[in-house]
Every structure is written in structure tokens, then in C-alpha cells.
Amino acid sequence: MAGIVSVSHADLAQRRKKLRRQRQMKIIQAIWRTFAISGLASGLLWVAIQPIWVLNAPKQIVVKSGNRVLPEGSIQSLLRLSYPQSLWRIQTSAIAASLKQQPTIAQATVRRRLFPPGLIIEIQQRVPVAVAQSSKARNTNTAKKQVSAGLVDASGVWMPLEKYKLVNPNAKLPSLKVIGLPEQYRQYWSQLYPTLSQSSVKVTEIDCQDPTNLILKTELGNVYLGAPSPQLPQQIKVLAQMRQLSAKINPSQIEYIDLKNPESPLVHVNQNNRKVNSLNP
């Protein structure tokens with residue numbers, strides 16, 4: 001029994017010694033880990049505060065739109081950045097939010113570039129579908145000054161023409177024109193434009209100045225639609241059915257086409273202001 005007890009005491013002592021060594025190794029590893037992390041953090045901080053990580057000029061900013069790199073300085077006026085400025089102190093989210101407030105920009109992301117130091121800005125531009133002006137231009141210089149030109153996208157967002165050309169100096173403008181204040185047609189534009197864009201009848205101008213009568217300038221002549229309403233798709237569908245109207249009536253004699261009631265379309269001609277039922281001439 002004495003031999004067994006002595007062996008057990010020796011085994012226990014060996015285990016205690018082994019446990020002490022393991023605890024010591026864990027403490028040493030923790031100390032080294034702390035030193036390593038502190039050293040790495042200090043190194044990163046030292047690198048971050050070096051003069052190289054500074055935005056010194058607009059040329060360090062790259063602006064992309066899709067796969068296209070925009071010309072240097074194309075939207076510099078919108079960024080409102082001061083130089084020089086630490087790259088790490090620049091609030092990229094604030095810059096992106098500021099850009100998205102611009103009428104010509106739908107989405108924007110901003111990220112830092114480390115090598116070489118700078119910023120990369122990616123924007124998604126609004127696509128204009130119509131040239132917009134607040135009123136028809138007249139011959140007088142005063143009236144011309146009152147005309148405000150801009151662009152409208154498919155959702156009805158109005159964009160200043162000069163700001164769009166600043167980013168897209170060589171862009172081809174849409175052939176469609178819309179006349180009237182944006183607040184006059186914005187509420188129904190998202191319904192009107194898709195309907196017109198799918199029509200087989202070419203529309204070159206939309207006059208929204210009179211809220212009680214929407215006027216289209218088409219290849220068939222002027223078309224009166226009345227006040228915008230849910231029957232717009234039906235009116236445009238009836239207009240497409242009138243493509244052969246020129247075979248029945250000389251286009252030069254047509255004063256306008258009345259589609260206020262799409263179930264009974266009328267063609268007003270200049271000769272004695274006659275009315276013709278276009279479906280039953």
C-alpha cells in the first residue's frame with residue numbers, strides 16, 4: 001500500500017507541475033499577443049498619419065459612371081472638398097449622400113483608394129427621356145429669358161440642362177420635348193411616358209401647360225387628350241388605331257384630333273371647322 005501511495009503522490013506532483021507550466025505558457029502567449037496587437041495598431045496608426053495619406057488636389061479623385069471614367073473636374077464643384085485634407089478624415093458616406101441630392105445623380109458610392117492615395121466615386125446618372133421647358137419660347141427677348149430649359153427622366157425628375165451637360169458634354173439630347181412646369185405633369189408622368197414610348201405613333205412634343213387639356217404633337221397632327229386621367233392608355237391605343245388617318249384626310253387640313261372621349265374620337269379639320277368621326281368617316 002505504501003508503494004502505491006508514494007506513486008500516487010509523485011503522479012499528482014507531476015501533474016501540478018505540468019499545469020503550472022501550461023498556465024505560464026498561456027500567460028506568456030497572452031503577453032506576446034498583446035504586444036503584437038499593440039505593435040500592429042501602433043504601426044497602422046503611424047502609417048495612417050504619414051503625409052502620404054493626404055488628398056492634395058482634385059486629380060486624386062476618380063469619378064466613374066458605369067464603365068466610363070468621367071473627365072477630371074466633371075463634378076468637382078459638387079464635392080465641396082478643401083485641400084489638403086487627410087484621407088482618413090474624409091466622410092465618404094456624407095459625400096455620397098450629398099451627391100445623391102443632385103438632380104442628375106440617382107445613386108453614388110465613395111470609397112478611399114490607398115495606392116495611390118485618393119478617392120474613387122461611382123455614380124449612377126439619371127437618363128433623360130425628354131427635353132423640358134417651362135413655357136413656349138416667343139419672339140420677344142423678354143419671353144425668351146423666361147424659358148427655363150432642362151431634362152426629365154422616366155420617373156419625372158427634372159434636371160437642369162447645364163448640370164447634365166457638365167458631366168455629359170457630348171451626350172445627345174432626347175428628341176421628345178415636354179412643355180410646362182414640372183409640378184404640372186410630375187404626378188402623371190410615370191404613367192404617361194411609358195405609354196407614349198410604346199406607342200406606334202411618333203410623339204415629338206407634350207404640352208402640359210393647360211391642366212385641363214394635355215396636347216400631344218404627333219406625326220398625325222395635334223392631339224387633345226383633355227385632363228390627365230386613368231384612361232390615358234386607352235387614348236394612346238385609339239391614337240395608334242388612327243395611323244391610317246392620312247389616307248382618308250389630307251394631313252394639312254387637320255386642325256387637331258380630339259381624343260378626350262376615346263370611345264368617340266373626332267378629327268377637327270380646317271375647312272369650315274368640320275368634325276369627322278375618325279372611325280366612321
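**Points about the sheet that holds strand 2 (residues 61-65)**
Two strands in a sheet stick together by hydrogen bonds in their backbones, pointing the same way (parallel) or opposite ways (antiparallel).
(1) Moving on: Reading across from one edge, 3-2-6-5 is the order of the four strands in this open sheet, with mixed pairing throughout. With partners counted over all chains shown, the strands left at the sheet margins are strand 3 (68-69) and strand 5 (105-113), one partner each.
(2) Moving on: Where strand 2 lies against strand 3, two bridges are found, and the strand directions are antiparallel. Among the inter-strand pairings, Lys64 is bridged to a residue of strand 3, identified as Val69.
(3) Moving on: Against the sheet, helix 3 (residues 92-100) engages strand 5 and strand 6 (118-125), with an angle of about 160° to strand 5.

**Focus on a positive patch on the surface**
(1) Moving on: There is a patch of like positive charges on the surface, built from Arg16, Lys17, Lys18, Arg20, Arg21 and Arg23.
(2) Moving on: Turning to its location among the elements, Lys18 is positioned in helix 1 (residues 2-48).

**A word on the nonpolar core**
(1) Moving on: If you look at the biggest cluster of nonpolar residues, it comprises 33 residues, and the most contacted ones within it are Val178, Trp189, Ile206 and Ile257.
(2) Moving on: Setting aside chain neighbours within four positions, we find Ile257 in contact with Leu220, Asn222, Val223, Tyr224, Met242, Leu245, Leu266 and Val267.
(3) Moving on: One finds Trp53, Leu55, Leu99 and Val110 within the second-largest nonpolar core, a separate group that totals 21 residues.

**Here we look at the packing of helix 6 (residues 182-197) against helix 7 (residues 232-241)**
(1) Moving on: Helix 7 packs onto helix 6 with a crossing angle of 20° between their chain directions and a minimal axis gap of 10 Å. Classified by the angle between their axes, helix 6 and helix 7 sit roughly parallel to one another. Judged by the twist between their axes, the crossing of helix 6 over helix 7 is right-handed. In this structure, helix 6 contributes Gln191, Leu192, Thr195 and Leu196 to the contact, and helix 7 contributes Leu232, Pro233 and Ile236.

**Details of the packing of aromatic side chains**
Any pair of aromatic rings gets described here by the distance separating the centres and the angle formed by the planes.
(1) Moving on: Scanning the model with the defined rule gives five aromatic pairs in all.
(2) Moving on: Ring geometry for Trp53 and Trp88: centres 6.1 Å apart, planes at 55°, overall tilted. Taken together, the positions of Trp53 in the loop between helix 1 and strand 1 (54-55) and Trp88 in the loop between strand 4 (85-86) and helix 3 put the pair 35 residues apart, joining distant regions of the chain.
(3) Moving on: With relative accessibility at 6%, the residue Trp53 sits in the buried group.
(4) Moving on: Residue class for Trp88 comes out partly exposed when judged on its relative accessible area of 39%.
(5) Moving on: By the ring-pair criterion, three or more aromatic residues cluster together here, those being Trp53, Trp88 and Phe115.

**Some thoughts on empty space enclosed by the protein**
(1) Moving on: A complete count under the given rule lists one cavity of 30 Å³ or more for this structure.
(2) Moving on: When its volume is computed, the largest cavity comes out at roughly 30 Å³.
(3) Moving on: What lines the largest cavity is Leu78, Gln102, Thr104, Lys163, Leu166 and Val167.
(4) Moving on: Element by element, the count of residues in the lining of the largest cavity is highest for helix 5 (residues 161-167), at three residues.
(5) Moving on: Considering only residue class, the lining of the largest cavity consists of three nonpolar, two polar and one charged.

**Description of the pattern of salt bridges**
(1) Moving on: One pass over the full model with this rule turns up three salt bridges.
(2) Moving on: For Arg126, the salt bridge goes to Asp153, with nearest N and O atoms at 3.3 Å. Of this pair, Arg126 sits in the loop between strand 6 and strand 7 (128-133) while Asp153 sits in strand 8 (residues 149-153), and the two are 27 residues apart along the sequence.
(3) Moving on: Across the salt bridge formed by Arg243 and Glu219, the nearest N and O atoms sit 3.5 Å from each other. In this pair, Arg243 sits in the loop between helix 7 and strand 14 (254-258) while Glu219 sits in the loop between strand 12 (215-218) and strand 13 (221-224), placing the two residues 24 residues apart along the sequence.

**What about the pairing of strand 2?**
(1) Moving on: Taking burial as the measure, the five residues of strand 2 include four buried ones, the bulk of the element.
(2) Moving on: Pairing between strand 2 and strand 6: five bridges, direction parallel. The residue of strand 6 that forms the bridge with Ser65 is Ile123.
(3) Moving on: A loop of two residues connects strand 2 with strand 3, the two strands running antiparallel in sequence, and Gly66 in this loop sits at a positive phi of about 70°.

**With respect to the pairing of strand 12**
(1) Moving on: Here strand 12 shows a buried face lined by Leu216 and Thr218 and an unburied face lined by Ile215 and Lys217.
(2) Moving on: Pairing between strand 11 (residues 203-207) and strand 12: four bridges, direction antiparallel. Along strand 12, the bridge assignment pairs Ile206 with Leu216.
(3) Moving on: Bridge count for strand 12 against strand 13 is four bridges, and the pairing is antiparallel.

Cut-offs and rules
Residues numbered from 1 in each chain as written. Predicted model: local features only at pLDDT ≥ 70, side-chain atom pairs only at ≥ 80, totals over all residues. Heavy atoms only, no water. Pairing = 2+ DSSP bridges. Helix = DSSP H or I, 4+ residues; strand = E, 2+ residues; numbered from the N terminus. Contact = heavy atoms within 4.5 Å. Axes fitted to C-alpha atoms, helices over the stretch in contact; angles between N-to-C directions. Patch = residues over 30% accessible without salt bridge, like charges linked within 9 Å, V, L, I, M, F, W, Y side chains within 5 Å. Areas by Shrake-Rupley, 256 points an atom, 1.4 Å probe, with all protein chains shown as cover. Salt bridge = Lys/Arg side-chain N within 4 Å of Asp/Glu carboxyl O. Lys, Arg positive; Asp, Glu negative; His and termini not counted. Charge placed at Lys NZ, Arg CZ, Asp CG, Glu CD. Core = buried A, V, L, I, M, F, W, Y, C linked by side-chain atoms within 4.5 Å. Buried < 20%, exposed > 50% of the residue type's maximum accessible area, 1.4 Å probe, protein only. Parallel < 35°, antiparallel > 145°, perpendicular 65-115°, else oblique. Left-handed = near helix turned anticlockwise from the far one by under 90°. Phe/Tyr/Trp six-rings, centres within 6.5 Å; stacked < 30°, edge-to-face > 60°. 1 Å grid on protein atoms, 1.4 Å probe; cavity = no way out; pocket = protein on both sides within 12 Å on 5 of 7 lines; lining within 4 Å. Points joined across faces, edges and corners; volume = space filled by probe spheres on them. Nonpolar A, V, L, I, M, F, W, Y, C, P; charged D, E, K, R; others polar.

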